[in-house]
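So you can see what is in the structure, the chains are spelled out below.
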Amino acid sequence: MAWELSLSLDPAGSQPIFLQIARALSDDIRRGRLRAGAELPGSRALARSLSVHRNTVLAAYRELAAEGWIVASAARGTFVSAELPAPPPRRFAPRAAARAEVPARLGFDLGAAALREIALPAPGVLRMTGGLPDMRLVPTAALARAYRRALRAAPERLLDYGDPRGHPRLRAALAAMLSAVRGLAAGPAALLVTRGSQMALDLVARALIAPGDAVAVESYGYRPAWEALRLAGARLLPVPVDAAGVSVDALAELADRERLRAVYVTPHHQYPTTAVLAPGRRIALLELCRSRRIAVIEDDYDHEFHYDGRPVLPLASADTAGVVVYIGTLSKILAPGLRIGFVVAPEPLIERLALLRTFVDRQGDHVVERAVAELLEDGEVQRHAQRARRIYKARRDALVAELGARLGGALEFRAPAGGMALWAKVDARIDVDGWAERSLARKVAFSAGRRFAFDGKRRPFVRLGFAALDEREIREAVERMTGALE
């Protein structure tokens, strides 16, 4: 069913209504709202939508046809002419009020912004950027069944306004998962569901940070998180990262010089290097932040995917002082398009975040949240995570083997103990950014080190995601990378 065509008419105006209709339609054709060959409503339908007599519309259509704007066929209907008149018609006396299209230029100052546009690779590109899950593995049939059941069970409640903290069943299911798998003794009251972890970061930044507050971040890190902190007014200060994670000694020295409001860290699999924060540093970080009353924003974005040894529990699991704000997501476990993230924190902060959320988004999609809660309750998510972990480990091993065989002289790396991507040092003689550009021309996309560097300068590193590609695609991707290097 087509949308009704809306036109602005003035019954008290000096022009007859049929001329107002003709003028409005010709203006719409001239500015491109109605394009050449587009079908116009029938005279009865347009008369009904405009609350005028059909003869009025017929008179307007005759006027337009005489001017060459439209063509009419008794068998097919009325259409915008494919050959529009070159000069605009002049016979209408006063111009009826025309509706202008959205201008291409701003009529006010927008101001400078340091934000970067997110570019999506073209179709056919083998994507090794980021830590993307494989959408082909998502249990879509189970999700569809759960979604239908959710709608049938309580459509009025789920489609109405609801709790901005998230659907109660999902909050309870997530709390149970976090307690069993990640060691967080948190109930539903200490948990807020968001539309992805990026919204969680944005809300936490708004709640904690005032303009000018100093926030420490890892010197290699996740730029969208940095931008969320900056938009809240944070003054970001980088802290070095090495093979044992963020340097807590450097953080302590920084805290001696600056009054830090918060520190943003990715301790489980440091983004992008995949380094795991060493046990001694974990203890020292929590103690430093407890003694200085510094908030720890812990981003645990891919906890389930650890392959060698036991996964390290989050900092939040050892937090007894209430300094850790824990952010997680189901984007890697299930799919990013579901837009489900969450925050675990002391209840006063959760209440503040829920209030802020009502001004931004009001609430999440409670139908999706209830469906995902069902998948968590019946073990579907857990089974999917276990299956994906086995598959991603095999893909990690395949990438390590292919890189060693084809690019061993160009790259220096270790097989990551977990995560969904590999961090490699590139031979100093290679132009990393040029290599990435030539590889993209061969339809394989990966990220050069400068993308993750706090200062944005060139770094001799690459990050290669492996989870979204199967073994055949990994071989093809490395072959294309090799060709681009040669």
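Residues numbered from 1 in each chain as written. Predicted model: local features only at pLDDT ≥ 70, side-chain atom pairs only at ≥ 80, totals over all residues. Heavy atoms only, no water.

**A word on the pairing of strand β5 (residues 191–194)**
Then comes step 1: Alternating positions in β5 separate into two faces, Leu191 and Val193 on one and Leu192 and Thr194 on the other, with burial throughout.
Then comes step 2: Where β5 lies against strand β13 (residues 341–344), four bridges are found, and the strand directions are antiparallel. Bridge pairing in β13 places Thr194 opposite Gly341. (Buried < 20%, exposed > 50% of the residue type's maximum accessible area, 1.4 Å probe, protein only. Helix = DSSP H or I, 4+ residues; strand = E, 2+ residues; numbered from the N terminus. Pairing = 2+ DSSP bridges.)

**So, the packing of aromatic side chains**
Then comes step 1: The final tally for this structure, using the stated rule, is 10 aromatic pairs.
Then comes step 2: Clustering of aromatic rings is evident, with ring pairs tying together Tyr220, Tyr222, Tyr271, Tyr301, Trp423, Phe452 and Phe461. (Phe/Tyr/Trp six-rings, centres within 6.5 Å; stacked < 30°, edge-to-face > 60°.)

**Looking at a nonpolar patch on the surface**
Then comes step 1: On the surface, Leu106, Phe108 and Leu110 cluster together to form a nonpolar patch covering roughly 370 Å² of accessible area.
Then comes step 2: Checked against the element boundaries, Leu106 lands in the loop between β3 (77–80) and β4 (126–127). (Patch = residues over 30% accessible without salt bridge, like charges linked within 9 Å, V, L, I, M, F, W, Y side chains within 5 Å. Areas by Shrake-Rupley, 256 points an atom, 1.4 Å probe, with all protein chains shown as cover. Salt bridge = Lys/Arg side-chain N within 4 Å of Asp/Glu carboxyl O.)

**Topic: the sheet that holds strand β15 (residues 421–426)**
Then comes step 1: Across the sheet, four strands lie side by side as β14-β15-β18-β17; this open sheet has antiparallel pairing. Looking at the sheet topology across the chains shown, the edges are occupied by β14 (411–413) and β17 (447–448).
Then comes step 2: Relative to strand β18 (residues 461–465), β17 runs antiparallel, the two sharing two bridges. Directly across from Ser447, in β18, lies its bridge partner Arg463.

**Structural notes on the nonpolar core**
Then comes step 1: The biggest cluster of nonpolar side chains holds 51 residues, and the ones touching the most others in it are Leu174, Leu260, Val263, Leu285, Phe342 and Val372.
Then comes step 2: When residues of this core are assigned to their parent elements, the largest contribution, six residues, is made by helix α12 (residues 366–377).
Then comes step 3: Other than its neighbours up to four places away in sequence, Leu260 contacts Ala214, Ala216, Leu237, Leu251, Leu254, Ala255 and Ile294. (Core = buried A, V, L, I, M, F, W, Y, C linked by side-chain atoms within 4.5 Å. Contact = heavy atoms within 4.5 Å.)

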